[in-house]
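Reading the structure
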Amino acid sequence: MNDVKSSENLLPVVGFLKIPKDGQPYLEGARCDECEAVYTKPQTHCAQCLSPNSLRPYKLGCTGKLYTYSIVCRSFPGIEVPFISAYVDLDGGGALKGNLIDVEATPDAIRFGMPVNIIFDEALGRKDRKGNSYLSYFFAPA
Amino acid sequence: MNEVYVLGIDMIKFGRYPDKTVPQLGAEAVLLALDDAGLTMRDIESLYCGNAYQANAMVGQRILQEIGQTGIPVINVSNACATGATAFREAWMAVKAGACDIVVAVGVEQMGKGLLGSAGGERGISKEGLLGSGSMPATFAAIGLEHTRSHGTTFEQFAKVAVKNHKHSTMNPKAMYQKETPLEEVMNAEMIAYPNTKMMCSVNVDGAAAAVLVSEKKAKELGMKRVVRIAASALATDPYQLRNPTLPDINSCTRIAAKKAYGMAGITAGDLDLVELHDCFATAELVHYENLGLCKDGDAGRLIDSGETALGGRIPVNVSGGLLSKGHPIGATGIANIYEICTHLRDEAGERQVKNARYGLAHVIGLGTCCGVHILERAN
Ligand SMILES: [Zn+2]
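In this report, we go over the structure that sits alongside the text. (Residues numbered from 1 in each chain as written. Chains lettered and ligands numbered in written order. Predicted model: local features only at pLDDT ≥ 70, side-chain atom pairs only at ≥ 80, totals over all residues. Heavy atoms only, no water.)

1. Some remarks on the pairing of strand β7 (residues 207–215) of chain B
All names here are of chain B. We count it as follows: Here's how the labels work: a residue is buried when its accessible area is under 20% of the maximum for its type, exposed when over 50%, partly exposed in between, all with a 1.4 Å probe on protein chains only. Each helix corresponds to a stretch of at least 4 residues labelled H or I by DSSP, and each strand to a stretch of at least 2 residues labelled E; elements are numbered beginning at the N terminus. Any two strands with at least two DSSP-identified bridges between them are counted as paired.
With nine of its nine residues buried, β7 lies for the most part within the structure. Alternating residues of β7 divide into G207, A209, A211, L213 and S215 and A208, A210, V212 and V214, and every residue in both groups is buried. Note: strand β1 (residues 4–11) against β7, seven bridges, orientation antiparallel. Its bridge partner lying in β7, V4 is registered against S215. The pairing of strand β4 (residues 102–109) with β7 spans eight bridges and is classified as antiparallel.

Shown next, in the form of structure tokens:
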């Protein structure tokens, strides 16, 4: 399960990852009241139905299904490979890209549609210039 | 109807020119296109310049500083990998609207080596390899596997695209690489982002291409002998789609642009004789077979298997060698694709000539996302 205690001093890796003082980290996007489109970030207007005042903060699902992926074998300098770059359809709406972990990085081990959980963990030990550590999200097979 | 024609068009051989500047490369292409048209900078009423990496640096004006500061309007455009096509389209619109009779469109780029894409913003920490990948090979790999998910397309079928396009390149002296690559070599090459191996990725090169566009009146005045008619010009952006932009949707905007272009030209995909499409990665070519209507949805794998998209087949695709062999200088690519089509419609493509070609389609995608489609028609 998620190690909540250690997330207290961590900064969120993206703006839509929320770290409450007490309780589990979660992802918060926006959802349109009119057309039910779900976004992973706040929107000025709804991009689907154009409604100007229909977007409300929306807690994104913590489970989903693998839509597509790539196994990344060469990346930019300093980035550890291989890793699985995964695109997940979230239960409850919205789509997210992230690393799929705890699965062997080979096509035979990866199934389209496989259910995944969103888990929160330290951002691979990466620190910013000021030495801050970060909390990230990952996909793991459910 | 005010028809618009390509009177002159050319490209420099794509490659690496570290000793030249972006304006110098662009100037070279403009001069080649002017020569091809039999005109000089004095004849040009307006210039449309496409460049992505120096989009804020007045590349068009700097080209004129190289070859003639005649005081004409210059419009610098940037639209990712659709930059060149966008410059061409702006030039087309000026003539179509009757505002100008003779204009130039130029696309130019100097690329660094290495992977396209970004390792992540400066704020916070790098997201690459943490929140998936933002690299272009990985993004287009995932787009390819989306097709696999729906239609069972195989790694081998994607690899066949590279085999075909590299074979075509052996007949194109302006391609960066002109080397055949058998299937085993493509599939066993270094894996960059499954299912794209190194040989299934376009190369980052420097390049420039330019075209002289003229009105019907001017074409008749200057000589119709080698002109090519611009039958359609269409540009589209990515419409709302539930996974986009998390997973860039290159399919919907291509379908929108293709539909517009076929309508404008009054033809269907079945009337095309050749296609230059945006094979930035081998996976992309197959999805565009369907997006452009070259086959039914789900049949792209079978189409590459059939050999019908190779030179001599029913609908040859990327006989230039494609971006996979020519290289992909992103601002220049769109006009270089149009150059290839025009070369065939003028019967000047040498051993790679598609015989009796009447209609050709040039397609590019700029991630983020936009799609440019031009249909050209033989005028003679
Ligand atoms: Zn809406």
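We are not done yet, so read on.
2. So, the packing of aromatic side chains
All names here are of chain A. This is how it is decided: Any Phe, Tyr or Trp ring, taking Trp's six-membered ring, that has another such ring centre within 6.5 Å forms a pair; planes under 30 degrees apart are called stacked, those over 60 apart edge-to-face, and the others tilted. Each ring is checked for a lysine NZ or an arginine CZ that lies within 6 Å of its centre and within 35 degrees of its normal; such an atom marks a charge sitting over the ring.
Counted by the stated rule, this structure contains six aromatic pairs over all chains. When the centroid spacing of 5.8 Å and the interplanar angle of 45° are considered together, the rings of Y69 and F112 count as tilted. You can see Y69 sitting in strand β6 (residues 63–72) and its partner F112 sitting in the loop between β8 (95–100) and β9 (115–127), a full 43 residues away along the chain. Using a relative accessible area of 3% as the deciding quantity, one classes Y69 as buried. Three or more aromatic residues joined by ring pairs form one cluster here, namely F16, Y137 and F139. Here the basic side chain of K59 rests over the ring of Y26, its NZ or CZ set 4.8 Å away from the ring centre.

3. What to know about the coordination of the zinc ion
For a metal bound by four donors in a tetrahedral arrangement, the ideal donor-metal-donor angle is 109.5 degrees, while six donors in an octahedral arrangement ideally sit at 90 or 180 degrees. All names here are of chain A. Quick reminder of the rule: Atoms are scored as donors when they are N, O or S and lie within 2.8 Å of the metal, with 3.2 Å used for Na, K and Ca; no water is included, so coordination may look incomplete.
Taken together, C32 (SG), C35 (SG), C46 (SG) and C49 (SG) make up the protein donors of the zinc ion, found 2.3 Å from the metal. Summarised as a motif, the one-chain spacing of the donors to the zinc ion is C-x2-C-x10-C-x2-C. The class for C49 is partly exposed, based on a relative accessible area of 31%.

4. A closer look at empty space enclosed by the protein
Residues and elements named next belong to chain B. Condition: Residues are said to line a cavity or pocket when one of their atoms sits within 4 Å of a point; the points come from a 1 Å grid over protein atoms alone, cavities being sets where a 1.4 Å probe fits but cannot get out and pockets being open sets with protein on both sides within 12 Å along at least five of seven lines. Grid points are joined across faces, edges and corners, and a volume is the space filled by probe spheres set on the points. By the convention adopted, Pro, Cys, Tyr, Trp, Phe, Met, Ile, Leu, Val and Ala count as nonpolar, Lys, Arg, Asp and Glu as charged, and the other residues, Gly among them, as polar.
A full pass over the atoms with the stated rule returns one cavity of 30 Å³ or more. If you add up the space inside the largest cavity, you get close to 60 Å³. Surrounding the largest cavity, ten residues form its lining, C81, M136, F140, H278 and C280 being those nearest its centre. Of the residues that constitute the lining of the largest cavity, the class distribution is eight nonpolar, two polar and no charged.

5. Structural notes on the interface of chain A and chain B
Just so we agree on the cut-off: Throughout, a residue-residue contact means that at least one pair of heavy atoms, one from each residue, lies within 4.5 Å. The term buried area refers to how much accessible surface (probe radius 1.4 Å) is lost by two components on association, counted for both of them together. Just to be clear on terms, a salt bridge is a Lys or Arg side-chain nitrogen sitting within 4 Å of an Asp or Glu carboxyl oxygen. Under this definition, polar contacts are N or O atom pairs within 3.5 Å; protein pairs additionally need one hydrogen-donor-capable and one acceptor-capable atom, and for neighbouring residues in sequence, both atoms have to be side-chain atoms.
Counting from both sides, the interface comprises 41 residues of chain A and, opposite them, 37 residues of chain B. Carbon and sulfur atoms supply 63% of the area that chain A and chain B bury against each other, a total of about 3,400 Å² over both sides. Its largest share of buried area at the contact with chain B, chain A owes to Y67, R74 and F76 of chain A, together 24% of the area lost on that side. On the surface where chain A and chain B come into contact, there are two salt bridges. We note a salt bridge from R243 of chain B to D89 of chain A, for which the minimum N-O separation is 2.7 Å. The interface formed by chain A and chain B includes 19 residue pairs in polar contact (both at pLDDT 80 or more). Listed by contribution, the elements that provide at least two residues to the side of chain A that touches chain B are β4 (38–39), β6, β7 (83–90), β8, β9 and β10 (133–141) of chain A. Of all the elements, β6 of chain A adds the most residues to the side of chain A that touches chain B, at seven residues. Of the residues assigned to the side of chain A that touches chain B, the class counts are 25 nonpolar, nine polar and seven charged. Sheet topology note: the β6 of chain A/strand β5 (residues 191–194) of chain B ladder contains two bridges and is antiparallel. Paired with V72 of chain A across the bridge in β5 of chain B is A193 of chain B.

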